[in-house]
Amino acid sequence: MQRVCFLLKVRADRLDEYRERHAAVWPEMLEALSATGWHNYSLFLREDGLLVGYLETEDFAAAQAGMEATEVNARWQAEMAPFFESLDGARPDEAMKPLTEVFHLA
């Protein structure tokens, strides 16, 4: 199982709404994430907007490709894009660049 961690930056003026949106993620989005191999997925948000994402998956590239093929992901990414800084035209899911793991205690 691959452990994947990534960072994004939520705009300071959108923090509250970002939290609200993630308190009520669409059921079809949750189903799509599970069906495409996203497990133990968590998001952590710091007050300055730093967002840390963590998930476990058999194959991150395949999990991303699976989500990219879903209609619900296209809608979700379009709605979420304005919440983020520095996407340079990419969707939020395209900006998820995995960090290199340097330590793990099993």
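Residues numbered from 1 in each chain as written. Predicted model: local features only at pLDDT ≥ 70, side-chain atom pairs only at ≥ 80, totals over all residues. Heavy atoms only, no water.

Enquirer: Outline the pattern of salt bridges, listing residues and values.
Expert: A full pass over the atoms with the stated rule returns 13 salt bridges. The partner of E79 in a salt bridge is R21, with the nearest N and O atoms 2.9 Å apart. With E79 in helix α4 (residues 71–80) and R21 in helix α1 (residues 15–23), this pair connects stretches of sequence that are 58 residues apart. In this structure R21 comes out as partly exposed when scored by relative accessible area, which is 27%. Here D93 makes a salt bridge to R91, at a shortest N to O gap of 2.9 Å. According to the relative accessible area criterion, D93 is buried, its value standing at 10%. Look at R91 and you get partly exposed, because its relative accessible area is 26%. Through salt bridges that share partners, R14, E17, R21 and E79 make up one connected network. (Salt bridge = Lys/Arg side-chain N within 4 Å of Asp/Glu carboxyl O. Helix = DSSP H or I, 4+ residues; strand = E, 2+ residues; numbered from the N terminus. Buried < 20%, exposed > 50% of the residue type's maximum accessible area, 1.4 Å probe, protein only.)

Enquirer: Any chance you could break down the nonpolar core for me, citing the residues and the numbers?
Expert: One finds Y18, M29, W38 and F84 to be the most contacted residues of the largest nonpolar core, which totals 24 residues. Taken together, the elements giving at least two residues each to this core come down to β1 (2–9), α1, α2 (27–35), β3 (50–57), α3 (60–68) and α4. If sequence neighbours within four positions are ignored, F84 has contacts with L8, K9, V10, R11, Y18, L51 and P92. (Core = buried A, V, L, I, M, F, W, Y, C linked by side-chain atoms within 4.5 Å. Contact = heavy atoms within 4.5 Å.)

Enquirer: Tell me what's going on with the environment of A78, and back it up with residues and numbers.
Expert: Looking at the element boundaries, A78 is found in helix α4. Separated by 13 residues in sequence, A78 and R91 have C-alpha atoms that sit 7.3 Å apart.

Enquirer: So what's going on with unusual backbone geometry? Residues and values would help.
Expert: Glycine aside, the phi torsion of most residues is negative, and most peptide linkages are trans. The backbone of N40 sits at a positive phi, close to 50 degrees, despite the residue not being glycine. Mapped onto the fold, N40 is located in strand β2 (residues 39–45).

Enquirer: For the sheet that holds β3, give the residues involved together with the corresponding values.
Expert: Here 3 strands make up an open sheet; going across it, the order is β1-β3-β2 and the pairing antiparallel. Strands with a single pairing partner mark the edges of an open sheet, and in this sheet they are β1 and β2. Strand-to-strand twist in this sheet, taken as the mean axis angle between neighbours without regard to direction, amounts to 15 degrees. With 8 bridges connecting them, β1 and β3 associate as antiparallel partners. Its bridge partner being in β3, V4 is matched across the sheet by L55. (Pairing = 2+ DSSP bridges. Axes fitted to C-alpha atoms, helices over the stretch in contact; angles between N-to-C directions.)

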